[in-house]
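In case you want the letters, here they are:
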Amino acid sequence: MRYLFIIGMMSLLIMGCKELDLAPENSFTDLNYWTTEDRAQSVLNTAYSQMLTSNYFFYNEALSDNAYNGRGDVAGAASLASGTYDPSLARLKDEWNYHYQGIKTCNILLDNIDRITDMDETTREQMKAEARFIRAFQHFQLMTWWGDVPLLETDIDIVTALTVSRTPREEVLEFILSELEDVSLILPNKSDYAAAENGKITAGAAIALKARVLLYEGNWNGVITECEKLMNSSDYGTYSLHPSYEELFLPEYQFNNEVILSLQYVPQLRTWGEYFDFAPLSTGARLNAMAPTQELVDSYLMLNGDEIDDSGSGYDENDPYSNRDPRLTYTVVYDGYEWEEQGGDSHTIYIDPTTAPDGQKLDVYSSGSSSTTTGYYWRKYYDPTHQAGFASGLNLILIRYADVLLMYAEAKNEVSKLGAADWDLTIGMLRSRAGFTDANALDYDAALSQAEMREVIRNDRRVELAMEGLRIFDIRRWGIAEDVLNGWVHGAQFGPSEIDNGYLRVTQRSFDPSKHYLWPVPRDERNINTNLGQNPNW
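Residues numbered from 1 in each chain as written. Predicted model: local features only at pLDDT ≥ 70, side-chain atom pairs only at ≥ 80, totals over all residues. Heavy atoms only, no water.

1. Focus on the overall build of the chain
Within the chain one finds 19 helices and 10 strands. The C-alpha radius of gyration of the chain comes to 24 Å, within 12% of the 24 Å expected for a compact globule of 538 residues. Considering only C-alpha atoms, the chain reaches an extent of 75 × 55 × 50 Å along its principal axes. Classification of the 538 residues of the chain by burial places 57% in the buried group. The long-range share in the chain, meaning contacts at least 24 apart out of those at least 6 apart in sequence, stands at 70%. For the chain, the accessible surface area stands at approximately 21400 Å², while carbon and sulfur atoms represent 48% of it. Distance between charge centres in the chain, computed from 43 positive and 81 negative side chains, equals 4 Å. (Helix = DSSP H or I, 4+ residues; strand = E, 2+ residues; numbered from the N terminus. Rg over C-alpha atoms; globule rule 2.2 N^0.38 Å. Buried < 20%, exposed > 50% of the residue type's maximum accessible area, 1.4 Å probe, protein only. Contact = heavy atoms within 4.5 Å. Areas by Shrake-Rupley, 256 points an atom, 1.4 Å probe, with all protein chains shown as cover. Lys, Arg positive; Asp, Glu negative; His and termini not counted. Charge placed at Lys NZ, Arg CZ, Asp CG, Glu CD.)

Structure below.
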């Protein structure tokens, strides 16, 4: 499956680059292309490759309070996070077009695959279901950012594209949910695929994505229903937590039983390279373009289950990374971090400019340098088998079973305060897998109110899924963006003590709730199609 992506992209390029003087029998045309299953599969593989870019996957984290894009404006992350953008921002046009290109590929397949006469009908319906899933996924991305967006259920011509209007959000939502329900009954389970087909969309992926869509809508009973299909039955596939949090993001375990849906990459053939600008410089990185914030680091609990500012937590500001949630070490690189390479070799990462030994200052924080802008680097998704320039063939996980458990816990708590049994099945299980052993961290606390439990669940969701591109969507659906995306972003305690107790003031952000919860329709799109209108206050 992973190698087929490359073949698919090459085939589509051939379709789009026909020389006008070639005879029809020597070229692909709309009339002669749709003759074999392999050609249909090539188009479907292209649709897979268009689901999401690694650039958006990673830099969406910098739109949230988890990270800061401090060099350049990669994928518009700095502008979007600071609230200084307008409809002319390139990211807006690029993402709008990106998702509609993916939708077009799906619609081309769906509009033409029935023309192939010599094809197994079960295979045909499965391929249609995969394309319908991807098309629903693309519309979901668009709807989440923009609200009302054109709903395209079939391929459209240029004239229509220049006059189409936006479909009300409610209709787009209904379409997405209906499509995911339908394809969940057609797609195979994960176990039904051969090993060579790892990475294909499954019935479980359709159910999990439907749960996420409902989660973003605050449809708590719907979330519970969909999550229970994956938690209580094998009808849609059998999923479980992988025993090791660290291993989840390593190449040798990338098809583990926790993964429900992922972007597929192949060493040498299809790779991503963002880590070249995330890792410590002493490991061979080029510079640091995106770094974790102090706000993210502070959200990791102590091993005893207390927050760092709780009385009696044991938190020591002079030794801030000891006795913390183990997921911190698997996600964020901090001063004194032991960086492990493949084969067991390791070296210490020194970031504090006041204590770094001579000759080991490459990673040290220094304002205006190429090193970290916050006093932290990333670790999660580091691929020890990377090629030159940190090029990696490691898959990027879009949905995993841990998210199903977190969605379930949140929904159960919103309906009625999370109970002990559901705690043990969700938050307790996730913390145990992370490495907590203290009863105060693992056991259910009946004294918590529903509102207090909500904050516990939200925080566990933040640290479990950090650097997986989901935090910005959680902030938006919870309606807390004006609280967490306004004011100073902080870094490690390397600054003057009289300002914010020494925690670096990295940048200042602004979020206007009257307009920023929806992106503006891109200026260039409205220039060529006046029927698109604009979102409020833009």
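Once you've had a look at it, read on.
2. Observations concerning a nonpolar patch on the surface
Taken together, Ile158, Leu162 and Ile528 make up a surface patch of nonpolar side chains, about 310 Å² in accessible area. For isoleucine 528, the location among the structural elements is in helix H19 (residues 523-528). (Patch = residues over 30% accessible without salt bridge, like charges linked within 9 Å, V, L, I, M, F, W, Y side chains within 5 Å. Salt bridge = Lys/Arg side-chain N within 4 Å of Asp/Glu carboxyl O.)

3. Digging into helix H2 (residues 37-49)
Spanning 13 residues, H2 covers 18 Å between terminal C-alpha atoms, matching the ideal 18 Å at 1.5 Å per step. Summarising burial for H2: 10 of the 13 residues are buried, a large majority. Taken together, the buried positions of H2 are occupied by Ala40, Gln41, Ser42, Val43, Leu44, Asn45, Thr46, Ala47, Tyr48 and Ser49. (Expected span 1.5 Å × (residues − 1).)

4. Concerning a negative patch on the surface
Taken together, Asp298, Glu307, Asp309, Asp310 and Glu455 make up a surface patch of like negative charges. With respect to the element layout, glutamate 307 can be found in the loop between helix H11 (294-298) and strand S4 (332-333).

5. Some remarks on the packing of helix H6 (residues 121-146) against helix H17 (residues 471-478)
Orientation of H6 relative to H17, taken along the N-to-C sense of each, is 50 degrees, at an axis distance of 11 Å. Considering their axes alone, H6 and H17 lie oblique with respect to each other. Taken as a pair, H6 and H17 cross one another with a handedness that is left-handed. Along its contact with H6, which presents Gln141, Thr144 and Trp145, the element H17 presents Ile472, Phe473 and Arg476. Split into classes, the residues belonging to the contact of H6 with H17 amount to three nonpolar, two polar and one charged. (Axes fitted to C-alpha atoms, helices over the stretch in contact; angles between N-to-C directions. Parallel < 35°, antiparallel > 145°, perpendicular 65-115°, else oblique. Left-handed = near helix turned anticlockwise from the far one by under 90°. Nonpolar A, V, L, I, M, F, W, Y, C, P; charged D, E, K, R; others polar.)

6. Brief notes about helix H8 (residues 169-184)
With 16 residues, H8 should reach 22 Å at 1.5 Å per residue; the first-to-last C-alpha distance of 23 Å fits that figure. In this structure, the buried side of H8 is in contact with H6 and helix H9 (203-217).

7. Quick word on the packing of helix H12 (residues 401-415) against helix H16 (residues 450-464)
Where H12 meets H16, the closest approach of the two axes is 10 Å, and the angle between their N-to-C directions is 165 degrees. Considering the angle they form, H12 stands roughly antiparallel to H16. Between H12 and H16 lies a crossing whose hand is left-handed. Every residue of H16 that contacts H12 at Ala402, Asp403, Leu406, Met407, Ala409, Glu410, Asn413, Glu414 and Val415 is listed here: Gln450, Met453, Arg454, Ile457, Asp460, Arg461 and Glu464. By residue class, the composition of the contact of H12 with H16 is seven nonpolar, two polar and seven charged.

8. Overview of the nonpolar core
In terms of nonpolar packing, the biggest core is built from 155 residues, with Phe133, Tyr275 and Tyr381 touching the most fellow members. At 12 residues, the largest contribution of residues to this core is made by H6. Once residues lying within four places of it in the same chain are set aside, the contact partners of tyrosine 381 are Phe57, Phe58, Phe249, Trp272, Tyr275, Leu394, Asn395, Leu396, Ile397, Met467 and Glu468. If you look at the next biggest cluster of nonpolar residues, it comprises five residues, including Leu301, Ala434, Phe436 and Leu442. (Core = buried A, V, L, I, M, F, W, Y, C linked by side-chain atoms within 4.5 Å.)

9. A word on unusual backbone geometry
Its identity is not glycine, yet aspartate 500 carries a phi of approximately 50 degrees, on the positive side. Tracing the chain through its elements places aspartate 500 in the loop between strand S9 (487-490) and strand S10 (505-509). Unusually for a residue other than glycine, asparagine 501 sits at a positive phi of about 55 degrees. Of note, asparagine 501 is situated in the loop between S9 and S10. Note on asparagine 501: relative accessible area 43%, which makes it partly exposed.

10. A closer look at the confidence of the model for the chain
With 95% of its residues at a pLDDT of 70 or more, the chain shows a mean pLDDT of 94. Throughout residues 2-26 the model reports pLDDT below 50, and contacts reaching past four residues in sequence, or to other chains, amount to 41 contacts. (pLDDT = per-residue confidence, 0-100.)

11. What to know about the environment of tyrosine 377
Mapped onto the secondary structure, tyrosine 377 falls in strand S7 (residues 377-378). A relative accessible area of 0% places tyrosine 377 in the buried class. As a C-alpha pair, tyrosine 377 and valine 332 span 45 residues in sequence and 6.0 Å in three-dimensional space. At 2.8 Å, the side chain of tyrosine 377 and the backbone oxygen of aspartate 363 are in polar contact. (Polar contact = N/O pair within 3.5 Å; in protein donor to acceptor, adjacent residues only side chain to side chain.)

12. Thoughts on the side chain of serine 392
Mapped onto the elements of the fold, serine 392 is located in the loop between S7 and strand S8 (396-400). With a relative accessible area of 0%, serine 392 lands in the buried category. A polar atom in the side chain of serine 392 sits 2.7 Å from the side chain of aspartate 383. One polar contact links the side chain of serine 392 to the main-chain amide nitrogen of leucine 394, over a distance of 3.0 Å. If we skip the residues at most four places from it in the chain, serine 392 touches Tyr265, Arg270, Thr271, Trp272 and Asp383.

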